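# Survey of secondary and tertiary structure
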Amino acid sequence: MSRPIPTDFQKPRRLKRGDKVAVVSPSSGAAHTFRNVQGLGLRNLEALFGLEVVEFPTSRLSNDELYRNPERRAEDVNRAFADPSIGAVIASIGGDDSVRVLPFLDTEAIRKNPKILMGYSDTTTFTTYLNQLGLVTFNGPSVMAGFAQLRHMPAEAAAHVESILFEAEAPSYRPYPKWADHYVDWRTPGYDGELAPFQDHEGWRWIQGSGVIEGRLFGGCIEVLEFLKGTEFWPALDFFNAKILFLETSEDKPTVSNVKYMLRNYGSMGVLDRIGALLIGRARSYSDAEKEELYETVGRVCLLEFGRTNLPVVANMDFGHTDPQWIMPLGCLAALDCEAKSFRLLEAAVR
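Presented here is a report on the structure given in the accompanying data block. All values derive from a computational prediction rather than experimental measurement.

Moving on, we get to the overall build of the chain. Along the backbone of the chain there are 11 helices and 16 strands. Scaling as 2.2 N^0.38, a compact globule of 351 residues should have a C-alpha radius of gyration of about 20 Å, and the chain matches this with 19 Å. Over its C-alpha atoms, taken along the principal directions, the chain stretches across nearly 50 × 50 × 40 Å. Carbon and sulfur atoms provide 49% of the accessible area of the chain, an area that totals close to 13,600 Å².

Written out as structure tokens, the structure reads:
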């Protein structure tokens, strides 16, 4: 039986200093292996934002323990949502098999207790599924990959977190002045959240489109979304109507050809005919030549293969697997202005 398509989305309460946030590991057990990196993220959440961190049991389990126990991973998420003292649920990091956890979620209890759920990469399974159930969810930094490095990022990164999660405002998105492609090796003695050398922002790439497009945000990691296709957790085609779809690639660095095949599949399913705009995140570990090939390929698939001559497509945007990254609230209304070259929320993501 198909799910009803929500026409309105429940927003979580905004965070304030002193709030408790739950840290869970619905995917990888990297926090067990790199305890110092997890600790950095927890300390930054506390020191920079005044939050009280509550580590749930899975947050320190090993990869093997998590792999063998998808039910335990779901139990942490269920308990965090059911606990009225918890204001947000943040993933420790991504992974590759959280789709196995979805059948064990207590969706009724989760829907009755809307709160901030945030992560990216493999956490895309949770954010996209719960968004289909009518919740605003958040594609954004995780504890180990984002918050642990925050002190080494431009000041705009922490300010952006405040604007989305702590303030009931509708901010505009702007390119960060500098960005880093990856982190210093976490096994480096004394690692303190350092990133690879920062590079100047090259600007967003406006591939095609005109006018002003308004729609609700939906999307995440393009490879993780492939895990969901054909399952009960994939949206109905009508769900994509007028959406601003955002897609980004992971540290696995899918080839441009693989991205082409995945995007072609969206076209074959009819998704490209339904959406209002397509946003592509800055591709991690791609050379300049590979980025240019990616932009040309995305445009060719949309324009030549599926005839979407009027579909606005923008690439190299500041979300995904490079830092600093934006928080993208799924379910919130946003506007893309192709003439003004701007992108903004039309409503606050929290209440």
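Attention now goes to the sheet that holds strand β5 (residues 137-139). Strand order in this open sheet of 6 strands is β2-β1-β3-β4-β5-β14, and the pairing throughout is mixed. The open sheet terminates on both sides in strands that have one partner only, identified here as β2 (52-55) and β14 (328-330). In this sheet, neighbouring strand axes are inclined to one another by 25° on average, regardless of whether the strands run parallel or antiparallel. Summarising the sheet, strand β1 (residues 20-24) and β2 pair through 4 bridges and their orientation is parallel. From the neighbouring strand, Val-23 faces β2, where its bridge partner is Glu-55.

Our focus in this paragraph is the environment of Asp-8. Within the element layout of this structure, Asp-8 appears in the segment before β1. For the pair Asp-8 and Asp-97, spaced 89 residues apart in the sequence, the C-alpha separation amounts to 29 Å. Other than its neighbours up to four places away in sequence, Asp-8 contacts Gly-134 and Arg-216.

A separate point is the side chain of Ser-250. By the element assignment, Ser-250 lies in the loop between β11 (244-248) and α9 (256-269). Of note is the side chain of Ser-250, whose polar atom sits 2.6 Å from the side chain of Glu-223. The residues touching Ser-250, leaving out its near neighbours within four places in the chain, are Cys-221, Glu-223, Arg-284 and His-321.

For the rest of this paragraph, the subject is the pattern of salt bridges. Enumeration according to the criterion identifies 21 salt bridges in this entry. A salt bridge links Asp-64 to Arg-68; the shortest N-O distance between them is 3.1 Å. In this pair, Asp-64 and Arg-68 both sit in helix α3 (residues 63-68), 4 residues apart, roughly one turn of the helix. In this structure, the salt-bridge partner of Lys-178 is Asp-200, at a minimum N-O distance of 2.5 Å. Here Asp-200 lies in strand β8 (residues 199-200) and Lys-178 lies in strand β7 (residues 178-179), a separation of 22 residues in the sequence. Its relative accessible area of 53% is what places Asp-200 among the exposed residues. Because the salt bridges share partners, they merge into one network encompassing Lys-11, Arg-216 and Glu-347.

Right, let's get into the nonpolar core. With 112 residues, the main nonpolar core has Phe-138, Leu-165, Leu-278, Leu-279 and Phe-343 as its most contacted residues. Discounting chain neighbours no more than four positions away, the residues touching Leu-165 are Arg-14, Leu-15, Ile-116, Met-118, Phe-138, Ile-327 and Val-350.

Turning our attention to the packing of aromatic side chains. All chains considered together, the criterion is met by 17 aromatic pairs. With a centroid separation of 5.4 Å and 75° between ring planes, the pair formed by Phe-34 and Trp-186 is classed as edge-to-face. Of this pair, Phe-34 sits in the loop between α1 (30-33) and α2 (35-49) while Trp-186 sits in the loop between β7 and β8; the two residues are 152 residues apart in sequence, bridging distant segments of the chain. Owing to a relative accessible area of 21%, Phe-34 belongs among the partly exposed residues under this scheme.

Calculation rules
Residues numbered from 1 in each chain as written. Predicted model: local features only at pLDDT ≥ 70, side-chain atom pairs only at ≥ 80, totals over all residues. Heavy atoms only, no water. Helix = DSSP H or I, 4+ residues; strand = E, 2+ residues; numbered from the N terminus. Rg over C-alpha atoms; globule rule 2.2 N^0.38 Å. Areas by Shrake-Rupley, 256 points an atom, 1.4 Å probe, with all protein chains shown as cover. Pairing = 2+ DSSP bridges. Axes fitted to C-alpha atoms, helices over the stretch in contact; angles between N-to-C directions. Contact = heavy atoms within 4.5 Å. Polar contact = N/O pair within 3.5 Å; in protein donor to acceptor, adjacent residues only side chain to side chain. Salt bridge = Lys/Arg side-chain N within 4 Å of Asp/Glu carboxyl O. Buried < 20%, exposed > 50% of the residue type's maximum accessible area, 1.4 Å probe, protein only. Core = buried A, V, L, I, M, F, W, Y, C linked by side-chain atoms within 4.5 Å. Phe/Tyr/Trp six-rings, centres within 6.5 Å; stacked < 30°, edge-to-face > 60°.

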